[in-house]
Structure formats: structure tokens, C-alpha cells
Amino acid sequence: MEFRDLKAQYQHLKPELDEEVLKVMKEGNFISGYQVSELEKQLAEYVGVKHCITCGNGTDALVLALMAWNIGKGDAVFVPDFTFFASAEAPAFLGATPVFVDVESRTFNISPNELENAIQGVLKEGKLIPKAIIAVDLFGQPAEYPRILEIAKKYNLFVLEDGAQGFGGGIGEKKACSFGDIATTSFFPAKPLGCYGDGGAIFTDNDDWAELVKSYRIHGKGGNKYDNIRIGMNSRLDTMQAAILLVKLKAFVDHELHDVNTAADYYTSKLKNIVNTPIIKEGYLSSWAQYTIILDSKKQRDELQNVLKENGVPSMIYYPKQMHKQEAFHYVCRKEHSFKVTNELIDNVLALPIHPYLTWEEQEKIINTIINFFENKSN
Ligand SMILES: *Cc1c(COP(=O)(O)O)cnc(C)c1O
């Protein structure tokens, strides 16, 4: 059994994928082929924003967005303590200081109350200037944007939506990657919409920021690539990945997002009385980058993971370390009492296999292994 079965997906989409990949090789436009702009057009339309700009990966996407806002030294950027490293690495890479904020248990997303406390803390201390909030759509569920955007407005901060795991999710009629002033996503193979290598994208309604991002991603170009008006980087999505994503986006919209939600609902219906299952807020839709359960203790979590492994069921611990405990952030102020929920999650979370091609038999096996684990314990 695979944790995320990319081979099953390939078998399902093989005829179309093979054809489109061969076409790219025959046509020979490996960088900036027409597939790239076609993909950008379709992604912008799907998400419901004016601009989509693809780039090399989800980490570059975050850096490019922050560059458009001129974020750097002396700036405070608020980031959840429970996330993938890149969310905090991007502001730090530009010299800004990540300020870590605790999350909410069960949704795993940044806590609006803790966010406001952290902003006030930085203002009171007076050393850094609060500039931006990086809200992460962790495990596929959008962060609580109605409240985050309100707080951002009150303190005059930018909101960057890190939708690397959130593509396809939504709140009401609005889709993920449309909530931030700028939003980003990743096409790393295991993300909800993944390519066959690295890839990323930036979304915004703002024309000026879109222009800046387009320039920064190609060597700070002015009129053309050999007219360079600022220091940028080289971060493009190549034609092959765009061609693959065009096929995959269609499947994602046609059935994958629906199928992964069916699998998640089935887990929840079978497991909710046994373990703490993830909670999706009323009116929110998740794209289920992960299906993460919460156990009562580290001991129990580790025991269950071992039993799953013995039964041939892969599981993962996302994430095993808090951002504030990462050695790379040793210079950042760490007030241990402020990370109560994250500290618990680190010990107690376990992500189960989930993807649109998970079979009923596979899921039954996973669920029964968990049920048996708890029955054996209580005997
Ligand atoms: C994967 C991920 C990224 C980085 O994306 P890459 O394409 O791997 O660079 C950033 N943020 C979050 C939350 C992620 O899960």
C-alpha cells in the first residue's frame, strides 16, 4: 500500500499524460512553451483570481510574493508554529524575522486569537515592524480567513496565503489561493495538485504585484530577459510540468477532489468515536493533502504507527518538530508557553494514507487495523 499512490494515478491518466509529454519532447519548447501560459490561464480561472504566475516550486513562490512587498530586515512576519519549514524559511531567507504563532487543535491552522496576541507583543516590544501574516492552509483546509483578514486590516498587514497544501479547498463559494492578498501553491508531486517534479504558482488580483513577481522570477527583467532592472532569481515552471499539470488539473476538477473527500468522510465516519479525527469548519472544504488523526499520547501514537507498519500500512508524522524548535531559528525569540497546542500535536499526530485512488479494500484494512489496535488495548 502506498501513502499517496502516484503510480495508481499515473495508470489512470496514462494515455493522456504520455501523449502530452511526448508532444513537449517533439515540439522542443522546454521552457516557456504555450502549455505554461495555458496552465496559468486555467489555474487563475479555477481559483477565481486575475493573475496566476507559475514558478519553480512552492518555496520560491513564497519568496517571490514577499519580494513583491519588499519584505526584509527589521520586518516581523507571523507564521504558524505548526507547518512545513518553507513557510517560515521564506521570510527568514529575505532577512525578515518569523514570529511563530500557535495553532488550533483539530483544524491545525493558525489561531486568530494567538495571532493578535503575537502582533500586539511585537508592537509592544518595538524592535520589529509587523508587516505580513503567512497563513497556511494546512493539510488541505483553508485557514480561518474571515478573522485573519480582519486582524490584518486592523494592524495594516499583508496576508500571504500559503496554499501549498490547500489547492482545491475553499470557504463557501470562494476557492483556496484566492484568500490572501497574494497566495501561493506548490506542485510538488505529493501535494493535492502535483506535477512530476518541482513546481509552484503565485496568485493575486493586484496588477502591480503580478508585474513585480513576473520580473523577479526571471532575473529581475525589465522589457526583456537581457534588460535587468532589479535583482531577481531564475524560477520557472518548465513546459513538461505544465503539460502534465494540464492533464492532472482536469482530473482534479472532474473527480479527484470529490473522491478524496469521499475517502476522508469515510475515515471520519468510522474513526470519530475511537480517535480525534480532523475537524473541517462549517462551510469549509478541504482538499485533504493529509488526513491526520490525533492520539492521546506520544506513546499511543508511536505504538499505533508500529502496528500499522506491521500490517503493511504506511503512515507519517507531519510534523515531528515545532518551527520554534528548529535549529535554523535559534535566533528567534521562543516563549515556550505560547506554543501549547503545537507542542501537543507534535507528539500526538499521525497522518494516514489518503489520495483519490485509495481503494475501498485499502481503506477497510487501515480502519480495521486501527479498530483492532484499540480493542486489543482495552482487553
Ligand atoms: C510543500 C510546502 C511548501 C513548499 O513547496 P515546495 O514546492 O516543496 O517548495 C511550502 N509550504 C507548505 C505548507 C508546504 O506544504
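This text goes with the structure placed above it.
Parameters and conventions
Residues numbered from 1 in each chain as written. Predicted model: local features only at pLDDT ≥ 70, side-chain atom pairs only at ≥ 80, totals over all residues. Heavy atoms only, no water. Pairing = 2+ DSSP bridges. Helix = DSSP H or I, 4+ residues; strand = E, 2+ residues; numbered from the N terminus. Axes fitted to C-alpha atoms, helices over the stretch in contact; angles between N-to-C directions. Contact = heavy atoms within 4.5 Å. 1 Å grid on protein atoms, 1.4 Å probe; cavity = no way out; pocket = protein on both sides within 12 Å on 5 of 7 lines; lining within 4 Å. Points joined across faces, edges and corners; volume = space filled by probe spheres on them. Nonpolar A, V, L, I, M, F, W, Y, C, P; charged D, E, K, R; others polar. Buried < 20%, exposed > 50% of the residue type's maximum accessible area, 1.4 Å probe, protein only. Phe/Tyr/Trp six-rings, centres within 6.5 Å; stacked < 30°, edge-to-face > 60°. Near = heavy atom within 4 Å. Polar contact = N/O pair within 3.5 Å; in protein donor to acceptor, adjacent residues only side chain to side chain. Areas by Shrake-Rupley, 256 points an atom, 1.4 Å probe, with all protein chains shown as cover.

A.B. asks: How should the sheet that holds strand 3 (residues 97-101) be read in this particular structure?
C.D. replies: Backbone-to-backbone hydrogen bonds pair the strands of a sheet. The strands run either parallel or antiparallel. Strand order in the open sheet formed by seven strands is 1-9-8-5-4-2-3, and the pairing between neighbours is mixed. Each edge of the open sheet is held by one strand with a lone partner, namely strand 1 (51-55) and strand 3. Sheet twist, expressed as the average angle between the axes of neighbouring strands with direction ignored, equals 25 degrees. Against the sheet, helix 4 (residues 86-93) touches strand 2 (75-80), strand 3, strand 4 (129-136) and strand 5 (158-162), its axis set at about 175 degrees to strand 2. The sheet contacts of helix 6 (residues 145-155) involve strand 4 and strand 5, and relative to strand 5 the element is tilted by about 150 degrees.

A.B. asks: Could you clarify how one ought to interpret empty space enclosed by the protein in this entry?
C.D. replies: Applying the stated criterion across every chain, the model contains four cavities of 30 Å³ or more. Here the largest cavity is characterised by a volume of approximately 100 Å³. Every residue lining the largest cavity is counted, 14 residues in all, and those nearest its centre are R4, L6, Q9, P192 and P356. Of all the elements in the fold, those that place two or more residues in the lining of the largest cavity are helix 1 (6-27) and helix 8 (239-271). Of the residues assigned to the lining of the largest cavity, the class counts are six nonpolar, three polar and five charged. Within this model, the second largest cavity holds a volume of roughly 60 Å³. Taken together, 14 residues make up the lining of the second largest cavity; nearest its centre are F108, L138, F139, P278 and I280. Each residue belonging to the lining of the second largest cavity can be placed in one class, and the counts come to seven nonpolar, six polar and one charged.

A.B. asks: Just to check I follow, could you spell out the pairing of strand 4 for this structure?
C.D. replies: Within a regular strand, the side chains alternate between the two sheet faces. The element strand 4 is largely enclosed, with a buried count of six among its eight residues. Across four bridges, strand 2 lies against strand 4 in parallel orientation. Within strand 4, the residue paired with D75 across the bridge is I129. The pairing of strand 4 with strand 5 spans five bridges and is classified as parallel.

A.B. asks: Just to check I follow, could you spell out the packing of aromatic side chains for this structure?
C.D. replies: When we look at a pair of aromatic rings, we describe it by the centre distance and by the angle of the planes. As enumerated under the stated definition, the model contains 21 aromatic pairs in all. Between F82 and Y319, the ring centres sit 5.9 Å apart and the planes meet at 75 degrees, which makes this aromatic pair edge-to-face. Linking F82 in the loop between strand 2 and helix 4 with Y319 in the loop between helix 9 (298-310) and helix 10 (340-348), this pair joins segments that are 237 residues apart in sequence. Each member of the pair, F82 as well as Y319, is classed as buried. Cluster of aromatic residues (ring-pair linked, three or more members): F3, F82, F84, F108, F139, Y318 and Y319.

A.B. asks: In this structure, what is going on with the site of the ligand? I would like to understand it.
C.D. replies: Surrounding the ligand, one finds 14 residues, the nearest of these being G58, T59, D162, S186 and K191. At 2.5 Å from an oxygen atom of the ligand is found a side-chain nitrogen or oxygen belonging to T59. Within the side chain of K191, a nitrogen or oxygen atom sits 2.7 Å from an oxygen atom of the ligand. Here the ligand, which alone exposes 380 Å², has 93% of that area covered by the protein. For the shell around the ligand, the elements supplying multiple residues, two or more each, are helix 3 (58-68) and helix 4. Of the residues assigned to the shell around the ligand, the class counts are four nonpolar, eight polar and two charged.

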